Amino acid sequence: MARELQVTFDCADPAALATFWCAALDYEIETPPPGFADWDAFLEAQGVPPERRNDASACVDPDGRGPRLFFQRVPEGKLAKNRVHLDVRAAPGLEGDARMAALEELAKRLIGEGATRVERFEPGGMSHGFIVMRDPEGNEFCLD
């Protein structure tokens, strides 16, 4: 049986970064345990003080196919380029101008969600270009 994959992000604001990645991937914030209307109610029942309730967040693929993304608060900021990054496969099956138009459309939407555009690449005129972006906390990712 295959193992499940979770991608974990160290960050300053888990709730905000989870919300961004939900928008980028069409994911959802993970639902709270049964019997709780929201995470705040669950954390209150667990005795977690209000100032610690944004220590972690998670988002999931509503279809259950993609990996769970987990966001945990850490005290230090991002210091260097990521050694691993996510590729958001936003234009599967598309090539050339149609592919790049789809990537540009998503890039524009994600900039509205707090992302930053870094650079567009179309190596050697290939029909498989991509756009390098940064999420709201500076983590690099590609629209591919």
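Below is a short write-up of the structure. (Residues numbered from 1 in each chain as written. Predicted model: local features only at pLDDT ≥ 70, side-chain atom pairs only at ≥ 80, totals over all residues. Heavy atoms only, no water.)

## So, helix H1 (residues 14-25)
Its 12 residues place the ends of H1 16 Å apart at the C-alpha level, agreeing with the 16 Å of an ideal helix rising 1.5 Å per residue. Pro 14, Leu 17, Ala 18, Phe 20, Trp 21, Cys 22, Ala 23 and Ala 24 are the residues of H1 that are buried. Count one or two residues on from H1 and you reach Asp 26, which has phi positive near 60°. (Helix = DSSP H or I, 4+ residues; strand = E, 2+ residues; numbered from the N terminus. Expected span 1.5 Å × (residues − 1). Buried < 20%, exposed > 50% of the residue type's maximum accessible area, 1.4 Å probe, protein only.)

## Remarks on the sheet that holds strand E3 (residues 56-60)
Across a sheet, strands are paired by hydrogen bonds formed along the backbone, either parallel or antiparallel in direction. With respect to topology, 4 strands assemble into an open sheet ordered E1-E4-E3-E2, the strand pairing being mixed. Edge strands, defined here as strands with exactly one partner in the open sheet, are strand E1 (6-11) and strand E2 (28-29). Across 6 bridges, E1 lies against strand E4 (residues 68-73) in parallel orientation. Looking at E4, one finds that Cys 11 is bridged to Arg 73. (Pairing = 2+ DSSP bridges.)

## Topic: the packing of aromatic side chains
Enumeration over the complete set of coordinates arrives at 8 aromatic pairs. Ring centres of Phe 36 and Phe 42 lie 5.2 Å apart, and the angle between their planes is 85°; on these two criteria the pair is classed as edge-to-face. For Phe 36, a relative accessible area of 27% translates into the label partly exposed. Cluster of aromatic residues (ring-pair linked, three or more members): Phe 9, Phe 20, Trp 21, Phe 71 and Phe 141. (Phe/Tyr/Trp six-rings, centres within 6.5 Å; stacked < 30°, edge-to-face > 60°.)

## Focus on the nonpolar core
In terms of nonpolar packing, the biggest core is built from 24 residues, with Trp 21, Phe 71, Leu 110, Met 133, Phe 141 and Leu 143 touching the most fellow members. Those elements giving two or more residues to this core turn out to be E1, H1, E4, helix H3 (96-112), strand E7 (130-134) and strand E8 (140-143). Among residues more than four places away in sequence, those in contact with Met 133 are Ala 107, Leu 110, Ile 111, Ala 115, Thr 116, Arg 117, Val 118, Asn 139, Glu 140, Phe 141 and Leu 143. (Core = buried A, V, L, I, M, F, W, Y, C linked by side-chain atoms within 4.5 Å. Contact = heavy atoms within 4.5 Å.)

The values reported here are purely geometric and, on their own, carry no functional implication.
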